[in-house]
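Chain by chain, the residues:
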Amino acid sequence: MLRLIARRLALGVLVALTVMTLAFMLTRLSGDLAVSIAGPSATQADVEIVRKAYGLDRPLYVQFFAWTGRALVGDFGQSYFFKDSVANLIQKRLPITLTLGLVGLSLALIVSIPLGILAALRENTWIDRSVTMFTMVGQAVPSFWLALILMIVLGLQLGILPISGTGTWQHFVMPGIVLAFTAIPALTRLTRSGMIEAMASDYIRTARAKGLSRARIIFKHALRNAAIPVVSIAAVQLGFMLGGSIVIETVFALHGVGYLGWESIAKNDFPVVQAVVLVLAVFYIGLTLLADILNALLDPRLRTG
């Protein structure tokens, strides 16, 4: 088990270093940072002053290792636009993104598990085909389009939910629904296949022979085993949601880490862009590692793989 964790952790560190390198290089390839910071009306002398003040006159590898060393201890530098430390900005915005991700994952599990059970119990019927069609449509619908439709219907026409901001829990309902649609198809199919396999198992036939009720067989015996991969993959889905929250937060004007990243890209605030990419990548890596550990705990065969 410890060897598995060590291998996954080493792989996660390599991925994080790769993300750091790509984030750094892409911001440099986007143009001259000194010109972006100084502004379009700055003179060449002003640009040179800015370049020297921010250390942009040093070789790229020196800049990269200097930024990497500070990032490893949580120092992401200063924001050019917000005039605040990047770490402080992310710390203020992170709770909103985490709340949105947890709401989206909770809604996805609430919808996908019952649908998966229903489709498995009515395999090859119109109910099963309807659930399959629903998941296909849900996977194909663009998030921004669904967000706009919900804003128009629930926010403007019916007026039952706010369309932007983070003042109350109602502000997270519509964004949570949109975010949940990105995970519902995969979780529903996983629950369905797990339940079909479980219901055909020998221990289910034994439970039927003992005279146990159908509800007890389904929820106490079959679902307990079918839900194992769903629980482990939920951590990975949460990582996807946190990474995909940039679009949702932008549409609904939720001032989380995703919206901070979008603002920073629009304003050429490159230290914030690099930090946001790195933080979201670290969360995804950590959640993936958690999913691997859960899989190993639930399935002993993976501990020696």
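The structure we're discussing is the one just above.
Notes on the structure follow. All values derive from a computational prediction rather than experimental measurement.

Parameters at a glance
- Residues numbered from 1 in each chain as written.
- Predicted model: local features only at pLDDT ≥ 70, side-chain atom pairs only at ≥ 80, totals over all residues.
- Heavy atoms only, no water.
- Core = buried A, V, L, I, M, F, W, Y, C linked by side-chain atoms within 4.5 Å.
- Buried < 20%, exposed > 50% of the residue type's maximum accessible area, 1.4 Å probe, protein only.
- Helix = DSSP H or I, 4+ residues; strand = E, 2+ residues; numbered from the N terminus.
- Contact = heavy atoms within 4.5 Å.
- Phe/Tyr/Trp six-rings, centres within 6.5 Å; stacked < 30°, edge-to-face > 60°.
- Expected span 1.5 Å × (residues − 1).
- Arc of directions from axis to C-beta.
- Salt bridge = Lys/Arg side-chain N within 4 Å of Asp/Glu carboxyl O.

**Some points on the nonpolar core**
Then, in step 1: Formed by 27 residues in total, the largest nonpolar core has its most connected members in Ala108, Val178 and Phe252.
Then, in step 2: Residue assignment for this core shows that the elements contributing at least two residues are α5 (86-121), α7 (143-157), α8 (173-180), α9 (184-199) and α11 (214-252).
Then, in step 3: Look past the residues within four positions of Phe252 in its chain and what remains in contact with it is Ala147, Met151, Ile163, Ser164, Gly165, Met174, Pro175 and Val178.
Then, in step 4: Counting 18 residues, the second largest nonpolar core, distinct from the first, contains Met20, Val272, Val276 and Leu280.

**What about the packing of aromatic side chains?**
Then, in step 1: The final tally for this structure, using the stated rule, is five aromatic pairs.
Then, in step 2: An angle of 65 degrees between the planes, with centres 5.4 Å apart, marks the rings of Phe64 and Phe65 as edge-to-face.
Then, in step 3: Taking the relative accessible area as the measure of exposure, Phe65 reaches 56% and is therefore exposed.
Then, in step 4: When the ring of Phe134 is compared with that of Phe181, the centres are 5.9 Å apart and the planes differ by 65 degrees; the resulting orientation is edge-to-face. One end of the pair, Phe134, is in helix α6 (residues 126-140); the other, Phe181, is in the loop between α8 and α9, and 47 residues separate them in sequence.
Then, in step 5: When its relative accessible area of 32% is taken as the criterion, Phe134 is described as partly exposed.
Then, in step 6: Aromatic rings pair up to connect Phe24, Phe64, Phe65 and Trp67 into one cluster.

**A short note on helix α4 (residues 60-72)**
Then, in step 1: Its 13 residues give α4 an end-to-end C-alpha distance of 18 Å, which sits within 8% of 18 Å, the value for a rise of 1.5 Å per residue.
Then, in step 2: Residues of α4 that are buried: Gln63, Phe64, Trp67, Thr68 and Ala71. Down the axis of α4, the smallest arc covering the buried residues is 125 degrees, so these residues share one side. Facing away from the buried surface of α4 by more than 90 degrees, the exposed residues are Tyr61, Phe65 and Leu72.
Then, in step 3: Remark: Gly74 follows α4 within two positions and exhibits a positive phi of approximately 85 degrees.

**Description of the environment of Ile152**
Then, in step 1: Within the fold, Ile152 resides in helix α7.
Then, in step 2: What makes Ile152 partly exposed here is its relative accessible area of 40%.

**Side note on the pattern of salt bridges**
Then, in step 1: For the structure shown, the criterion picks out four salt bridges.
Then, in step 2: Asp128 serves as the salt-bridge partner of Arg192, at 2.8 Å between the closest nitrogen and oxygen. Of this pair, Arg192 sits in helix α9 while Asp128 sits in helix α6, and the two are 64 residues apart along the sequence.
Then, in step 3: Residue class for Asp128 comes out buried when judged on its relative accessible area of 4%.
Then, in step 4: For the salt bridge of Arg205 with Asp202, the shortest nitrogen-to-oxygen distance reads 2.1 Å. Note that Arg205 and Asp202 are positioned in helix α10 (residues 202-209) at a spacing of three residues, about one turn of the helix.
Then, in step 5: By relative accessible area, which is 43% here, Arg205 ends up partly exposed.

**A word on unusual backbone geometry**
What is expected of a backbone is that most residues other than glycine have negative phi and most peptide bonds are trans.
Then, in step 1: Within the chain, Asn124 stands out as a residue other than glycine whose phi angle is a positive 65 degrees.
Then, in step 2: Although it is not a glycine, Ala253 sits at a positive phi angle of roughly 55 degrees.
Then, in step 3: Positionally, Ala253 belongs in the loop between α11 and α12 (257-266).
Then, in step 4: A relative accessible area of 24% means that Ala253 is categorised as partly exposed.

**Focus on the side chain of Gln237**
Then, in step 1: If you trace the backbone, Gln237 turns up in helix α11.
Then, in step 2: The buried category is assigned to Gln237, whose relative accessible area is 9%.
Then, in step 3: Those residues in contact with Gln237, other than ones at most four positions away along the chain, are Leu105, Thr182, Ala183, Ala186 and Leu187.

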